[in-house]
Amino acid sequence: SGSISINAGVGDAKSMNSGGSVLLKAGVQGGSVQIEGGAAKNSSVDLLSGGEFRLSTLAQELVDTGSIQISSGSAAFSSGSIYVSSGSSDSAGNIYLSGGMSENTNGSVVSITAGHSKGFDGGSLILTAGDGFSGGNVNVKAGNGQLGDAGSVLIAAGSSEGTDNAGIVSLK
């Protein structure tokens, strides 16, 4: 089948002129923009940038902003994986996951949960620091209290609903 290409102007590095921009915009009252690759497993949608790449919802002054959902599709056999990584270089970039600051309510929650299984073992959650001349650290710290109590750190093993033993907490 045929292809469609949309290109903006290239720009000129010598005269410091920027390249052109491409804007895909939906209606103000709730329109959507959908970019979809083919249905075959080897199809893809690539979003590339030579500079920053941003994925965000519009800031709203008087109403709530929308959510951002990144997920691999459900499938009859195997769903796809999701990889978040910074590129390799002489000084590789960091990855930050942080919740927003709340002005008049509790701070937002950052939750990382491994997958559940109906008939087999649940997924594992693995936090591993990097290897190097000196190995990286794993830091787990509760929040400080400004006027009230400081936060707590809870490490607990899972319980068993069957005849098997509960999990074990091991510190080495």
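See the structure above.
Quick caveat, the model's predicted, so the values are computed rather than measured.

Draft legend 1. The overall build of the protein chain, seen in detail. Helix and strand content of the protein chain: zero helices and zero strands. In terms of overall size, the protein chain is more extended than a compact globule, its C-alpha atoms giving a radius of gyration of 23 Å where 172 residues would be expected to give roughly 16 Å. With the principal axes as the frame, the protein chain shows a C-alpha extent of 65 × 50 × 50 Å. Scored against the burial criterion, the 172 residues of the protein chain give a buried share of 1%. Counting contacts in the protein chain only where the partners sit at least 6 residues apart, residues at least 24 apart contribute 0% of the total. Carbon and sulfur atoms form 49% of the exposed surface of the protein chain, whose accessible area is close to 17,300 Å². Positive and negative side-chain charges of the protein chain, numbering 7 and 13 respectively, have mean locations separated by a distance of 6 Å.

Draft legend 2. Examining the environment of G99 more closely. Its relative accessible area of 36% is what places G99 among the partly exposed residues. Each C-alpha atom of the pair G99 and V109 lies 6.2 Å from the other, and the pair is ten residues apart in sequence. In this structure, G99 is in contact with S108 and V110, ignoring residues within four places of it in sequence.

Draft legend 3. Fine view of the environment of T113. Of the residues examined, T113 reaches a relative accessible area of 59% and is grouped as exposed. Within the structure, T113 has its side chain in polar contact with the side chain of S111 (distance 3.5 Å).

Draft legend 4. Structural context of the layout of surface pockets. Estimated volume of the largest pocket: approximately 3,000 Å³. In this structure, the largest pocket is lined by 48 residues; those nearest its centre are L47, F53, R54, L55 and S56. Here the lining of the largest pocket is built from residues that sort into 24 nonpolar, 21 polar and three charged. Taken as a whole, the second largest pocket encloses approximately 680 Å³ of empty space. Taken together, 17 residues form the lining of the second largest pocket, with I112, L127, T128, V138 and N139 sitting closest to its centre. Here the lining of the second largest pocket is built from residues that sort into ten nonpolar, six polar and one charged.

Rules used in this analysis
- Residues numbered from 1 in each chain as written.
- Predicted model: local features only at pLDDT ≥ 70, side-chain atom pairs only at ≥ 80, totals over all residues.
- Heavy atoms only, no water.
- Helix = DSSP H or I, 4+ residues; strand = E, 2+ residues; numbered from the N terminus.
- Rg over C-alpha atoms; globule rule 2.2 N^0.38 Å.
- Buried < 20%, exposed > 50% of the residue type's maximum accessible area, 1.4 Å probe, protein only.
- Contact = heavy atoms within 4.5 Å.
- Areas by Shrake-Rupley, 256 points an atom, 1.4 Å probe, with all protein chains shown as cover.
- Lys, Arg positive; Asp, Glu negative; His and termini not counted.
- Charge placed at Lys NZ, Arg CZ, Asp CG, Glu CD.
- Polar contact = N/O pair within 3.5 Å; in protein donor to acceptor, adjacent residues only side chain to side chain.
- 1 Å grid on protein atoms, 1.4 Å probe; cavity = no way out; pocket = protein on both sides within 12 Å on 5 of 7 lines; lining within 4 Å.
- Points joined across faces, edges and corners; volume = space filled by probe spheres on them.
- Nonpolar A, V, L, I, M, F, W, Y, C, P; charged D, E, K, R; others polar.

Spatial relationships are all this shows, so hold off on functional conclusions.
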